[in-house]
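Close look at the chain arrangement
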Amino acid sequence: MKEVVYLEDGKLWKETMVDEMASLHKNEAWDLVELSTRRKPISSKWVFKKKKNAEGEVEKYKARW
């Protein structure tokens, strides 16, 4: 994730990530709970994609959690 923010279009990626997190919070996508000592946390990652139009120009930046 850190790598993408430092790219030349990093500001656009960061805005997209903020929008994704806001959407997850708005839709109450998860509940934050205390982790039992006998459990392991699940892992997660960001997936980044540039959506391009027919001419090959970047139309939209997409970030999914």
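Anything mentioned here points back to the structure above.
Cut-offs used in this document
Residues numbered from 1 in each chain as written. Predicted model: local features only at pLDDT ≥ 70, side-chain atom pairs only at ≥ 80, totals over all residues. Heavy atoms only, no water. Patch = residues over 30% accessible without salt bridge, like charges linked within 9 Å, V, L, I, M, F, W, Y side chains within 5 Å. Areas by Shrake-Rupley, 256 points an atom, 1.4 Å probe, with all protein chains shown as cover. Salt bridge = Lys/Arg side-chain N within 4 Å of Asp/Glu carboxyl O. Helix = DSSP H or I, 4+ residues; strand = E, 2+ residues; numbered from the N terminus. Expected span 1.5 Å × (residues − 1). Buried < 20%, exposed > 50% of the residue type's maximum accessible area, 1.4 Å probe, protein only. Arc of directions from axis to C-beta.

What follows concerns a nonpolar patch on the surface. Judged by side-chain polarity, Trp-30, Leu-32 and Trp-65 come together as a nonpolar surface patch covering roughly 400 Å² of accessible area. As for its position among the elements, Leu-32 is in the loop between helix H2 (10-26) and strand S1 (47-52).

In this section: H2. Taking 1.5 Å of rise per residue, 17 residues should cover 24 Å, and H2 covers 24 Å from first to last C-alpha, within 8% of that figure. The complete set of buried residues in H2 reads Gly-10, Trp-13, Thr-16, Met-17, Glu-20 and Leu-24. Buried residues of H2, seen end-on, are gathered within an arc of 120 degrees and therefore sit on one face of the element. Of the exposed residues in H2, those oriented more than 90 degrees away from the buried face are Lys-11, Val-18, Asp-19, His-25 and Lys-26.

Inspection of the entire model under this criterion finds two salt bridges. Here Lys-50 and Asp-9 are joined by a salt bridge, their closest N and O atoms 3.3 Å apart. Here Lys-50 is found in strand S1, whereas its partner Asp-9 is found in the loop between helix H1 (2-5) and H2, with 41 residues between them in sequence. Given a relative accessible area of 37%, Lys-50 falls into the partly exposed group. In this structure, the salt-bridge partner of Glu-20 is Arg-64, at a minimum N-O distance of 2.9 Å. Separated by 44 residues along the polypeptide, Glu-20 in helix H2 and Arg-64 in strand S2 (residues 58-64) bring together distant segments of the chain. When its relative accessible area of 41% is taken as the criterion, Arg-64 is described as partly exposed.

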